[in-house]
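Residue strings, one per chain:
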Amino acid sequence: MKWILTLLVAAAVLALVGVSALANQRPGDADLGSKSIEIVMTEMRFSPNRIDARAGQSVLVTIVNRGSERHDLAFPSITMPDLRGVETLTMPGESTRLTLSFDAPGTYPFLCTIPGHAAAGMTGAMFVSP
Ligand SMILES: [Cu+2]
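Residues numbered from 1 in each chain as written. Predicted model: local features only at pLDDT ≥ 70, side-chain atom pairs only at ≥ 80, totals over all residues.

What to know about the overall build of the chain
Then, in step 1: A count of helices and strands for the chain gives 1 helix and 7 strands.
Then, in step 2: In the chain, the order of α-helices and β-strands from amino to carboxyl end is α-β-β-β-β-β-β-β.
Then, in step 3: Taking all 130 residues of the chain together, 15% fall into the buried category.
Then, in step 4: Considering only contacts within the chain whose residues lie at least 6 apart along the sequence, 64% involve residues at least 24 apart. (Helix = DSSP H or I, 4+ residues; strand = E, 2+ residues; numbered from the N terminus. Buried ≥ 20, exposed ≤ 12 C-beta atoms within 10 Å, placed from the backbone. Contact = placed C-beta atoms within 7 Å.)

Some thoughts on the environment of Arg 45
Then, in step 1: Note that Arg 45 resides in strand E2 (residues 45-47).
Then, in step 2: With near-sequence residues (within four places) excluded, Arg 45 lies in contact with Gly 121 and Met 122.

Quick word on unusual backbone geometry
If a residue is not glycine, its phi is most likely negative; likewise, a peptide bond is most likely trans.
Then, in step 1: Here the residue pair Glu 43 and Met 44 is connected by a cis peptide bond, since its omega of -10° sits within 30 degrees of zero.
Then, in step 2: With an omega of -5°, the peptide bond running from Ser 47 to Pro 48 counts as cis.
Then, in step 3: Counting through the fold element by element, Pro 48 comes out in the loop between E2 and strand E3 (50-54).

So, the sheet that holds strand E5 (residues 95-100)
Then, in step 1: The strand order across the open sheet formed by 4 strands is E2-E1-E4-E5, and the pairing between neighbours is mixed. Every interior strand has two partners, whereas the edge strands, E2 and E5, have only one. Strand-to-strand twist in this sheet, taken as the mean axis angle between neighbours without regard to direction, amounts to 25°.
Then, in step 2: Sheet topology places strand E4 (residues 58-65) next to E5; 6 bridges connect them, and they run antiparallel. Within the sheet, the bridge partner assigned to Val 61 lies in E5 and is Leu 98. (Pairing = 2+ DSSP bridges. Axes fitted to C-alpha atoms, helices over the stretch in contact; angles between N-to-C directions.)

Describing the confidence of the model for the chain
Then, in step 1: When pLDDT is averaged across the chain, the result is 79; 68% of the residues are at 70 or more.
Then, in step 2: The spread of mean pLDDT over the elements of the chain runs between helix H1 (residues 2-23), the lowest at 40, and E2, the highest at 98. (pLDDT = per-residue confidence, 0-100.)

Considering the sheet that holds E3
Then, in step 1: Spatially, 3 strands are ordered E3-E7-E6 in an open sheet, and the strand pairing comes out mixed. Either end of the sheet is taken by a strand with one partner, and the two such strands are E3 and strand E6 (106-111). Each strand of the sheet is rotated relative to its neighbour by a mean of 20°, with strand direction disregarded.
Then, in step 2: Alignment of E6 against strand E7 (residues 123-129), held across 6 bridges, turns out to be antiparallel. Bridging from a neighbouring strand, Leu 111 pairs with Thr 123 of E7.

If you want it as structure tokens, here you go:
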């Protein structure tokens, strides 16, 4: 019986390795592809409160307000050409989509700009790797 379990574990590990190899793209690949993430906003947090991406990769972010107050998601420390004209203020029960893409690796903090919300914990960051 034990060898069957060992076999199953080995198969599971192989499957995980296969998936991660497929998901891994090296810098310099012609097409970095894009990814999607959903961030739920409630009082007073983003969940999850981190976004991971590679430099140049497009990330389609859907922010969903499951709270009882209005919320938004903004990057105060940088200029975001892609976000020009995009209003992220989202009413309870509604959602907003935005596409993020950063050319330079780094950590980009974001927050909810409604007064008091960031101080109460509505903060997060996007981590862009080379
Ligand atoms: Cu908020």
